[in-house]
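One letter stands for each residue in the lines below.
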Amino acid sequence: MENQTIFSGATLFQGMDESVIQNGMIWIQDDRIKYAGEASNLEIDDQSVQRIDLGGKFVMPGMTECHAHLSFTDANPFQLGAQSPEEAMLTGIRNARVMLGSGFTSALSFGSIHKVDVALRTAINNAEIPGPRLAAAGRDLGVSGSTVDSGVFDGLEQIADGPWELRKAVRQQRREGVDIVKIFIDGEGVCEHCTQHELSFHDDEVVAVVDEAHRHGLRVACHSRSAAGVKQAVRSGVDYIAHANFLDEEAADMLHEVKDSVFVGPGIIWELGLIEHCESLGLTSEWVRERGYEEEVEASIKSVQMMLERDIRMMVGGDYGISVAPHGTYAKDLEIFVDMFGMSPQKALLCATRDGGAAADPNGNLGTLEAGKYADILIVDGNPIDDIKIMQDQSRFSAIIKGGTIYRKLMDDFDFTIQASDITAKCV
Ligand SMILES: [Zn+2]
């Protein structure tokens, strides 16, 4: 039977541009949006349609976490991989629920321990567990001597060298069922054998990974901090570029050339968390500074300005799931985008909704509130355009709707109420 609901009296942010409709309305039919826009534009006679007056609450598209690590366990980032597949699966189930409960109705994975993402994606799609729509990644793929080859990420790493070995690795990941192949193009300040400015792959190797992935309908996501790394990613046809901290003019111009097909995730929560909480990891501030992290934050702010000038699409998300940036705090990115990158709150919301949705679903079903798109909707008690920080307060979500199913108060005591679904019985 058809299930239809109309939410009226909405302060409506459709996520197509920065505009807000004061007397907005949204009409859901089953898992899709039938209408979204000005309430006055529409007369509805059908009395069977359920109507809910929101009394001015803020209505926006569900957000997309575009650098998700659902199998990370909020541990010390140097001990992430110390989970058996069974433990990692339980971690993933818990975090999928937390992510959805934080207002993220979709997620684009940037790597998972073992094959956890693939099983999570299937279980979420089958409504066996609550979670965001997930584009699943497998283990991090890298060459010998890369950051991936650190020996501390058991279950998270896959090492292959040369174009043909890498093609084989992509084929193996394809067989395992991933959507995304995650590679490390350059390194990391904390990694003494492969720094943030050091390229791991030969060009031929990245080209081989991307070609093999694309031939099988997979997308490629990369870790790339340096300008040289971003240039290698663009030259090779990588789809998603995380970090891009140290852009130069040439790298920014190259991104501009491919701005209709490439997305960049400039989140810096890892750097900020490391700088602020280094002592909890047994590191000193001096060491963190020596390894270039303060410089990396400064460079990132400049790089984001270069991308804003060139209208390059940016996604929120970045390595949440570690002790210095735990699950559930994903919307901190919005605050960083506003306070440190100088975006308007509306622009930050567009990164989290329209642009993240386009990144996660190339078929265009996500990210905006428009007729025909999935009914992935947040109803917020408060206006994030006045205070972007409220997006970090899960108690502000009056409703989190994914595919027309209403989830509520996921974070309070695990007692979430779901209408039109028996998912509670299966999961709690
Ligand atoms: Zn990551």
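So, a few notes on the structure that sits alongside this text.

The rules we used
- Residues numbered from 1 in each chain as written.
- Predicted model: local features only at pLDDT ≥ 70, side-chain atom pairs only at ≥ 80, totals over all residues.
- Heavy atoms only, no water.
- Axes fitted to C-alpha atoms, helices over the stretch in contact; angles between N-to-C directions.
- Helix = DSSP H or I, 4+ residues; strand = E, 2+ residues; numbered from the N terminus.
- Parallel < 35°, antiparallel > 145°, perpendicular 65-115°, else oblique.
- Left-handed = near helix turned anticlockwise from the far one by under 90°.
- Contact = heavy atoms within 4.5 Å.
- Nonpolar A, V, L, I, M, F, W, Y, C, P; charged D, E, K, R; others polar.
- Expected span 1.5 Å × (residues − 1).
- Buried < 20%, exposed > 50% of the residue type's maximum accessible area, 1.4 Å probe, protein only.
- Donors = N, O, S within 2.8 Å, 3.2 Å for Na, K, Ca; no water.

Things to note about the packing of helix H3 (residues 162–176) against helix H4 (residues 203–215)
Part 1 of the argument: It is at 8 Å that the axes of H3 and H4 come closest, and there the two elements cross at 30°. As the angle between them shows, H3 and H4 are arranged roughly parallel. Note that H3 runs across H4; the crossing there is right-handed. Together, Gly 162, Pro 163, Leu 166, Arg 167, Val 170 and Arg 171 of H3 and Asp 204, Glu 205, Ala 208, Val 209, Asp 211, Glu 212, Ala 213 and Arg 215 of H4 make up the contact between the two elements.
Part 2 of the argument: Here the residues of the contact of H3 with H4 are counted per class, giving 6 nonpolar, 1 polar and 7 charged.

Structural notes on helix H1 (residues 85–101)
Part 1 of the argument: When the terminal C-alpha atoms of H1 are compared, their 24 Å separation across 17 residues agrees well with the 24 Å that a helix rising 1.5 Å per residue should span.
Part 2 of the argument: For H1, the set of buried residues is Ala 88, Thr 91, Gly 92, Asn 95, Ala 96, Arg 97, Val 98, Met 99, Leu 100 and Gly 101.
Part 3 of the argument: Count one or two residues on from H1 and you reach Gly 103, which has phi positive near 95°.

Re the coordination of the zinc ion
Part 1 of the argument: The protein atoms donating to the zinc ion are His 67 (NE2), His 69 (NE2) and Asp 319 (OD), with metal-donor distances spanning 1.9 to 2.2 Å.
Part 2 of the argument: Donor residues for the zinc ion, ordered by position in the chain, follow H-x1-H-x249-D. With His 67 in strand E6 (residues 63–68) and Asp 319 in the loop between helix H9 (293–309) and helix H10 (332–339), this residue pair connects regions lying 252 residues apart in the sequence.
Part 3 of the argument: By relative accessible area, which is 3% here, His 67 ends up buried.
Part 4 of the argument: On the accessibility criterion, Asp 319 (16% relative accessible area) is buried.

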